[in-house]
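Per-entry structural report
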Amino acid sequence: MNAPVYAVENLVIDLYTPSVSVRAVDGASFHVSPGETLAIVGESGSGKTVMTLGPLGLMPEGVAVDLRGTARADGRDILTLSPSELSALRGGFFGVIFQDPMSALNPMLKIGPQLASQAQKYAGLSAEAARKEAVSLLARSGIPDPEDRYDRYPHELSGGMLQRAMIALALAARPRVLIADEPTTALDATVQAQILALIRTIQKEDGIAVVLITHDIGAVSVLADRVIVLYAGQIAEEGTAIQVLTAPVHPYTRGLLASVPDFRSESATGTKEIPGIPPNQAQLMPGCRFADRCDMVQATCHSHRPRLQTVGLGDVPHRVACPVVIAAEGIVTHD
Amino acid sequence: MTDVKQADPPAIEAQGLKVHFQTAAGLVRAVDGVDLTIPKGAFHGIVGESGCGKTTLARAIIGLQHATEGTVQINGRDRADWQKQDRKGFARAVQFIFQDPLGSMSRRQTVGQTLEEPLLIHSIGNASERKQRLAELLDLVALPATVLDRIPRSLSGGQRQRVSIARALALNPSLLICDEPLSALDVSVRAQIVNLFARLQAQLGLTIVIVAHDLAIVREVCSEVTVMYLGRVAEQGVTKPVFADPAHPYTQALLSAVPSPDPRIEAPRPRILLAGDPPSPRNPPPGCRFSTRCPVVEPQCRVTEPQLRPVAHSGQAACHLAAAESHAVI
Ligand SMILES: Nc1ncnc2c1ncn2[C@@H]1O[C@H](COP(=O)(O)OP(=O)(O)OP(=O)(O)O)[C@@H](O)[C@H]1O
Ligand SMILES: Nc1ncnc2c1ncn2[C@@H]1O[C@H](COP(=O)(O)OP(=O)(O)O)[C@@H](O)[C@H]1O
Ligand code: SF4
Ligand code: SF4
Ligand SMILES: [Mg+2]
Ligand SMILES: [Mg+2]
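Residues numbered from 1 in each chain as written. Chains lettered and ligands numbered in written order. Predicted model: local features only at pLDDT ≥ 70, side-chain atom pairs only at ≥ 80, totals over all residues. Heavy atoms only, no water.

**Considerations on the overall build of chain A**
Of regular secondary structure, chain A possesses 11 helices and 12 strands. Computed over C-alpha atoms, the radius of gyration of chain A comes to 21 Å, within 12% of the 20 Å expected from 2.2 N^0.38 for 335 residues, which places it in the range of a compact globule. Among the 335 residues that make up chain A, the fraction classed as buried is 54%. Summarising the internal contacts of chain A: among those between residues at least 6 apart in sequence, 64% fall at separations of at least 24. Of the roughly 13900 Å² that chain A leaves accessible, carbon and sulfur atoms contribute 52%. Counting 27 positive and 35 negative side-chain charges, chain A places the averaged centre of each group 3 Å from the other. (Helix = DSSP H or I, 4+ residues; strand = E, 2+ residues; numbered from the N terminus. Rg over C-alpha atoms; globule rule 2.2 N^0.38 Å. Buried < 20%, exposed > 50% of the residue type's maximum accessible area, 1.4 Å probe, protein only. Contact = heavy atoms within 4.5 Å. Areas by Shrake-Rupley, 256 points an atom, 1.4 Å probe, with all protein chains shown as cover. Lys, Arg positive; Asp, Glu negative; His and termini not counted. Charge placed at Lys NZ, Arg CZ, Asp CG, Glu CD.)

**Observations regarding the interface of chain B and chain A**
At the interface, 41 residues of chain B touch 40 residues of chain A. Carbon and sulfur atoms make up 60% of the surface buried where chain B meets chain A, a total of about 3400 Å² over both sides. One can count 0 salt bridges joining chain B with chain A. Where the side of chain B that touches chain A is concerned, the elements lending two or more residues are α7 (187–204), α8 (215–221), α10 (249–256) and α11 (263–266) of chain B. Per-class residue counts for the side of chain B that touches chain A are 19 nonpolar, 11 polar and 11 charged. (Buried area = accessible area lost by both parts, 1.4 Å probe. Salt bridge = Lys/Arg side-chain N within 4 Å of Asp/Glu carboxyl O. Nonpolar A, V, L, I, M, F, W, Y, C, P; charged D, E, K, R; others polar.)

**A word on the site of ligand 3**
In the region of ligand 3, the neighbouring residues are H250, P251, C288, A291, C294, M296, V297, C301, P306, C322 and V324 of chain A. Along the lines of polarity and charge, the residues of the shell around ligand 3 split into 10 nonpolar, 1 polar and no charged. (Near = heavy atom within 4 Å.)

**Some remarks on the pairing of strand β6 (residues 94–97) of chain B**
On a regular strand, one side chain projects to one face of the sheet and the next to the other, so that they alternate. Residue and element names in this part refer to chain B. Residues V94 and F96 of β6 are buried on one face, and the alternating residues Q95 and I97, pointing to the opposite face, are buried as well. The pairing of β6 with strand β7 (residues 175–179) spans 4 bridges and is parallel. Along β7, the bridge assignment pairs F96 with I177. (Pairing = 2+ DSSP bridges.)

**Quick notes on the side chain of E43 of chain A**
Note that E43 of chain A resides in the loop between β3 (37–41) and α1 (48–53). Residue class for E43 of chain A comes out buried when judged on its relative accessible area of 2%. Sequence-distant contacts of E43 of chain A, that is, excluding residues within four places in its chain, are made with K48, Y231, Y252, P278 and R293 of chain A together with D186, V187, S188 and V189 of chain B.

**Structural notes on the site of ligand 2**
All names here are of chain A. Around ligand 2 there are 15 residues in total, and G45, G47, K48, T49 and V50 lie nearest to it. Here S46 contributes a backbone N or O atom positioned 3.3 Å from an oxygen atom of ligand 2. Here an oxygen atom of ligand 2 and a backbone polar atom of K48 are 2.8 Å apart. When ligand 2 is considered free in solution it has 560 Å² of accessible area, and contact with the protein chains removes 71% of it. At 3 residues, α1 tops the list of elements feeding residues into the shell around ligand 2. (Polar contact = N/O pair within 3.5 Å; in protein donor to acceptor, adjacent residues only side chain to side chain.)

**Structural notes on unusual backbone geometry**
All names here are of chain B. Positive phi, normally seen in glycine, also occurs at A142, with a value near 55 degrees. With respect to the helices, strands and loops of the structure, A142 is situated in the loop between α5 (127–140) and α6 (157–169). Since its relative accessible area comes to 49%, A142 is described here as partly exposed. Located in the positive-phi region is S314, a residue other than glycine, with phi close to 80 degrees. Among the residues examined, S314 registers a relative accessible area of 66% and is labelled exposed.

**What to know about the sheet that holds strand β10 (residues 234–240) of chain A**
Residue and element names in this part refer to chain A. Reading across the sheet, the 8 strands line up as β6-β7-β8-β3-β9-β10-β12-β11 and stay open at both edges, with mixed pairing between neighbours. In this open sheet, the two strands that pair with only one neighbour each are β6 (94–97) and β11 (309–312). Between one strand and the next, the sheet's axes are offset by a mean angle of 20 degrees, whatever the strand orientation. Alignment of β6 against strand β7 (residues 177–181), held across 4 bridges, turns out to be parallel. Its bridge partner lying in β7, I97 is registered against A180. Across the face of the sheet, helix α6 (residues 159–172) comes into contact with β6 and β7 while running at roughly 170 degrees to β6. With respect to the sheet, helix α10 (residues 251–258) is in contact with β3, β9 (226–231) and β10, its orientation differing from that of β9 by roughly 100 degrees. (Axes fitted to C-alpha atoms, helices over the stretch in contact; angles between N-to-C directions.)

**Quick word on the sheet that holds β7 of chain B**
Residues and elements named next belong to chain B. Here we have 8 strands laid out as an open sheet, ordered β6-β7-β8-β3-β9-β10-β12-β11, and mixed in their pairing. For this open sheet the edge positions go to β6 and β11 (309–310), each flanked by a neighbour on one side alone. Against the sheet, α10 engages β3 (43–47), β9 (224–229) and β10 (232–238), with an angle of about 105 degrees to β9.

**Concerning the pairing of strand β4 (residues 64–73) of chain A**
All names here are of chain A. Pairing between strand β1 (residues 6–16) and β4: 9 bridges, direction antiparallel. Its bridge partner lying in β4, D14 is registered against D66. Both β4 and strand β5 (residues 76–77) contribute to a ladder of 2 bridges, which runs antiparallel. What sits directly across from A73, in β5, is R76. Count of turn residues in the β4/β5 antiparallel hairpin: 2 residues, of which D74 carries a positive phi of about 55 degrees.

**What about the pattern of salt bridges?**
A full pass over the atoms with the stated rule returns 30 salt bridges over all chains. Residue E69 of chain B is joined to K18 of chain B by a salt bridge in which the shortest nitrogen-to-oxygen separation is 3.9 Å. Here K18 of chain B lies in strand β1 (residues 12–23) and E69 of chain B lies in strand β4 (residues 69–74), a separation of 51 residues in the sequence. With relative accessibility at 45%, the residue E69 of chain B sits in the partly exposed group. Salt-bridge contacts for R190 of chain B lead to D214 of chain B; the nearest nitrogen and oxygen are separated by 3.1 Å. One end of the pair, R190 of chain B, is in helix α7; the other, D214 of chain B, is in the loop between β8 (207–211) and α8, and 24 residues separate them in sequence. Judged by relative accessible area, which is 24%, D214 of chain B ranks as partly exposed. Through salt bridges with shared partners, one network takes in D14, R23, D26, D66, R68, R289 and R305 of chain A.

**Regarding helix α1 (residues 54–61) of chain B**
In an α-helix, one turn spans 3.6 residues, which is why side chains three or four residues apart end up on the same side. Residue and element names in this part refer to chain B. Counting buried residues along α1, 6 of its 8 residues qualify, which places the element largely inside the surrounding structure. Here α1 has its buried residues at K54, T56, L57, A58, A60 and I61. Where α1 terminates, the next one or two residues include G63, which has phi positive at roughly 80 degrees.

**Concerning helix α2 (residues 83–92) of chain A**
When α2 of chain A is considered as a whole, its buried residues turn out to be L86, L89, G91 and G92 of chain A. Contact partners of the buried residues in α2 of chain A: β4, β5, β6 and α3 (111–122) of chain A.

**So, the environment of H155 of chain A**
Examined against the element boundaries, H155 of chain A turns out to sit in the loop between α5 (146–150) and α6. Considered as a pair, H155 of chain A and D145 of chain A are 10 residues apart in the sequence and their alpha carbons are 17 Å apart.

Given below as structure tokens:
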């Protein structure tokens, strides 16, 4: 496998607001290589956004942040960078697609010039070349009549068009890593399918690394090579998309998949529910964070925090943080 | 549902329903000629892309939205007359759950007050009977009694949705209409609420209509489905046959857009990718509304608007080609 372009290790992120302190991410490691799509899956509040964008200095506003661990972009430690160095890196090395396109696009400026100025700044193009590049980025992102759309304001585009414009904006700087934070959550199924197909095409053509943050198992199934399942700030399971989606081991992953119906599969179980709700991250108990909702729970689960164990070897190890299922099902571990 | 007695009037019968909005930019045809019959005891799903008129249709059915044209009968009574003659009686029989549950609850009221309010408005029971009813309601939606003293904002999304369902059930309605009750919920919690609806429907014999985005879930729980496109019904019928053998090219594309959660099924699957967005309801195209995006469009489609006709799966579809095919089959 290629060397990772973005690698994070033992990340711990605490967030402090005047009223609460939250351990948003608790000892997570991940990496992504060129030409590869890593999906980070979890329910809202599980820490997907903070874990991926936190090391880049993109944190929620009005919150004090304590961040520990290491994060490397192309081998370079980014946690020691100054805010201005980090901002330059964000623009050029990382392209980010946000859930809400309006948070990235300036509503007062026309679409085209916003793209052109990105391309000029980070890809080092002349004004004339940047304009051409912007039009071709719009075309590439599936926007019909890009010459006309170049001169439109964001509010003149539909939700799907705006999302495409934001993808164009993220690509303008020719990033090495594209981070897509719930890129299709607000969109209709038909437009979702278009956007996922677009991201896949771009990735194939440019060989960039993609990190897809989502709670939509369907989107993972379409795009991901590897998957990380996050629960309450900790990694519950990771492996290839095939391993995690078709042979899940962790009770949370199993529950999550069983709650998603598949109308194409005869064997799918329909909508099984996971009882209860995710824990309050401001009042975490010791032990396994899934213990309150888990149908396999044992007494030790409440006191011992499970560590990730390798249950499948290969190019990509399949790792699971649940000693109970591993023991109960006689799964062989390799660490 | 096939075992409904003939004599029983449908829960909902809408005919020629239109809702047009006059705006600065022109006339918006949000709902533009919908016929819909929903038998008693059905669990009916309404699906379609954003802006196709689902919310407007649901609101027009229960009179929250003035209809430009058309009639609605509920339980065999003209809805407008019923509301005029007996507003409270209508409100007891028919309940609506809004797209945004928080927006429809007071910021200061506790869950207990929120649930008791409809009972007080309708002068139902004395204090101890109402207390008893609140306990029953919490039980129905599987909430612990401890939530009674909390304010809805402090609850999780799934708990809030349970509160809004409990409130809608307070007056023992026979018909429940819900606008996107699942969209804001996390996946694992979505399954809880879906199963709650299915259980309530069976337990209380309710007729439930839900507007939903998640087609796989509609397939799972709804007995029948209506697919809307640009203010009109594209296809309707019993859910499983419609999903197995969709007759309308738009339904086919919509279903094709839903990925399988299993990558082994997803990867080799041929997909229909529709180009572009739906046209604006300000100026729907002439002829078939789907003709600007339809992969199998024919010249006649741009001229003549197709009407709903019986198709092979025994429901109906509004497509010139689907109708032709079904005639060949029948
Ligand atoms: N009060 C109004 N004035 C003008 N136009 C309106 C009004 N309400 C709705 N519309 C328009 O009518 C069309 C249908 O809207 P509606 O809210 O019914 O769609 P929907 O199918 O519920 O969409 P979504 O899935 O986004 O909730 C849209 O084009 C919308 O912009
Ligand atoms: N602005 C904020 N103030 C306080 N806590 C926050 C804020 N943003 C996120 N958090 C907390 O951080 C944790 C992770 O959040 P996030 O990364 O946004 O989750 P996800 O992207 O998986 O939905 C959650 O517990 C959330 O409550
Ligand atoms: S460690 Fe225990 S509580 Fe956690 S997932 Fe495994 S069995 Fe369940
Ligand atoms: S009537 Fe014509 S354009 Fe409309 S859906 Fe059928 S084939 Fe397509
Ligand atoms: Mg997020
Ligand atoms: Mg709506």
